[in-house]
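A structural walkthrough
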Amino acid sequence: MLTANDITIRDPYVLVHEGKYYMYGTRSHLTWKQPEDLSIQGFDCYISEDLINFSEPVEVFGRPDNFWSDRNFWAPEVHEYQGAFYLFATFIGPGRRRGTQVLKADNPLGLFVEHSQGPLTPADWECLDGTLYVSKAGTPYMVFCHEWVQIKYGTVCAVELSPDLSTAVGEPFELINASHPSWADGDGGKDRYVTDGPCFYRTKTGELIMFWSSLKNGEYVEAIAISSNGEIDGQWTTHDELLYDADGGHGMAFTGLDGELYFTLHAPNVNYNEHPVFMKLKDLGDRVRAV
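Now for a look at the structure at hand. Bear in mind that the values here come from a model prediction, so they are computed numbers and not experimental data.

Moving on: the pattern of salt bridges. What the rule picks out here adds up to nine salt bridges. Across the salt bridge formed by Asp-191 and Lys-152, the nearest N and O atoms sit 3.0 Å from each other. In this pair, Asp-191 sits in the loop between α2 (186-189) and β13 (196-202) while Lys-152 sits in the loop between α1 (148-151) and β11 (155-161), placing the two residues 39 residues apart along the sequence. Here Asp-191 falls in the partly exposed class, since its relative accessible area comes to 38%. Judged by relative accessible area, which is 30%, Lys-152 ranks as partly exposed. A salt bridge links Arg-192 to Asp-187, with the nearest nitrogen and oxygen atoms 2.6 Å apart.

This is the structure we're talking about:
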């Protein structure tokens, strides 16, 4: 068995299903190696019953021989939706821009296979970190980041998906811009405004909160934004107070098997050294805070 400190991954994502925790993430220690290193080309899952002890990694997706991407296998998230499991993940390949594609399986361990025909993000945008959001009316959306590497002022955007999650419907629309929060400093004056890892949580009073990550003074942070109307198409305002400011981020909230609200992220944001971190959250109705 492993503990969280034994696991070196980025972008942890936890699916709670049938009495177990399934944790996915980017193979951190291999993230920046060259495309010819085939060991980067896949995703793993770690299984736990208590968020303390985890299984050895189980590969849930390995690159097929004819797969279009050969590097940057990033940020896997697995969502249970309409009786199946959908893996949203970021890829890039020769002659193609980085984007999020949807894979599918009939159980949390896969093996996952291609579901969408390539990325569902715009073909001429540099994008990453797509996640699934389903509105109160049942409409699915993919929320993703339009990368600062292309536009400097990184944004979080959303696009409606078809009911089967295989295609994008209509045009993307912007939720937030990384330069707008009061604490935004362009990564300590480096003039780059990062958006990473959006995810959603609806509070006990019905407010819709989005967690997202950025850089402040050279360190990774976890931020909170709230919708004005409790839905994806509201006006989004980023809180002045950060959820986490100790060089960790790209996290997500989930309700544990004990009924408690948890948040996981990777920290520190140092390649080869990051681990999944777990903390409890308190739902305050119009916001959440770490406890």
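This part covers the sheet that holds strand β8 (residues 113-114). In space, the four strands of this open sheet follow the order β5-β6-β7-β8, with antiparallel pairing throughout. Looking along the sheet, the strands with just one partner apiece sit at the ends: β5 (71-81) and β8. One ladder, built from two bridges, connects strand β7 (residues 96-105) with β8; its direction is antiparallel. Bridge assignment links Leu-103 to a residue of β8, and that residue is Glu-114.

Moving on, we get to the sheet that holds strand β19 (residues 275-283). Read across the open sheet, the four strands follow the order β17-β18-β19-β20; overall the sheet is antiparallel. Each having just a single partner strand, β17 (249-255) and β20 (288-290) make up the two edges of the open sheet. Averaged over all pairs of adjacent strands, the angle between their axes in this sheet comes to 35°, without regard to strand direction. Where strand β18 (residues 261-267) meets β19, six bridges bridge the pair, whose relative direction is antiparallel. Note on β19: the bridge partner recorded for Tyr-262 is Lys-280.

This paragraph deals with the packing of aromatic side chains. Throughout the structure, instances matching the rule amount to 22 aromatic pairs. Relative to Tyr-262, the ring of Phe-254 lies with its centre 5.7 Å away and its plane at 20°, an arrangement referred to as stacked. In this structure, Phe-254 and Tyr-262 share a single accessibility class: buried. Taken together, the ring pairs in this structure connect Phe-43, Phe-61, Phe-67, Trp-68, Phe-73 and Phe-91 into an aromatic cluster.

The next subject is the environment of Gly-230. Structurally, Gly-230 is set in the loop between β15 (219-227) and β16 (236-238). Excluding residues within four positions of it along the chain, Gly-230 makes contact with Tyr-133, Lys-136, Arg-202, Gly-206 and Leu-208.

Turning next to unusual backbone geometry. Omega for the bond connecting Gly-110 with Leu-111 falls within 30 degrees of zero, at 10°, which places this linkage in the cis form. Tracing the backbone through its elements, the reader meets Leu-111 in the loop between β7 and β8. Residues Ala-267 and Pro-268 are joined by a peptide bond in cis, for which omega reads -10°. Relative to the helices and strands, Pro-268 resides in the loop between β18 and β19. Here the phi dihedral of Asn-72 falls at roughly 55°; this positive angle occurs in a residue that is not glycine. One can find Asn-72 in strand β5. Unusually for a residue other than glycine, Gln-82 sits at a positive phi of about 50°.

In this structure, Phe-91 and Phe-211 are the most contacted members of the largest nonpolar core, which totals 48 residues. It is β18 that contributes the most residues to this core, five residues altogether. Formed by 24 residues, the second largest nonpolar core is a distinct cluster that contains Ala-75, Tyr-141, Leu-175 and Ala-223.

Here a disulfide denotes a covalent bond joining the sulfur atom of one cysteine to the sulfur atom of another. Going through the model one piece at a time under the given rule, you end up with zero disulfides. Cys-199 supplies the cysteine sulfur nearest to Cys-45, a cysteine that is in no disulfide, at a spacing of 18 Å. Accessibility expressed as a relative area gives 0% for Cys-45, which makes it buried. In this model Cys-145 remains outside any disulfide bridge; the closest cysteine sulfur is found in Cys-157, 8.4 Å from its own. Since its relative accessible area comes to 0%, Cys-145 is described here as buried.

Analysis parameters
- Residues numbered from 1 in each chain as written.
- Predicted model: local features only at pLDDT ≥ 70, side-chain atom pairs only at ≥ 80, totals over all residues.
- Heavy atoms only, no water.
- Salt bridge = Lys/Arg side-chain N within 4 Å of Asp/Glu carboxyl O.
- Helix = DSSP H or I, 4+ residues; strand = E, 2+ residues; numbered from the N terminus.
- Buried < 20%, exposed > 50% of the residue type's maximum accessible area, 1.4 Å probe, protein only.
- Pairing = 2+ DSSP bridges.
- Axes fitted to C-alpha atoms, helices over the stretch in contact; angles between N-to-C directions.
- Phe/Tyr/Trp six-rings, centres within 6.5 Å; stacked < 30°, edge-to-face > 60°.
- Contact = heavy atoms within 4.5 Å.
- Core = buried A, V, L, I, M, F, W, Y, C linked by side-chain atoms within 4.5 Å.
- Disulfide = S-S within 2.5 Å.

By themselves, these observations are geometric and do not establish any function.
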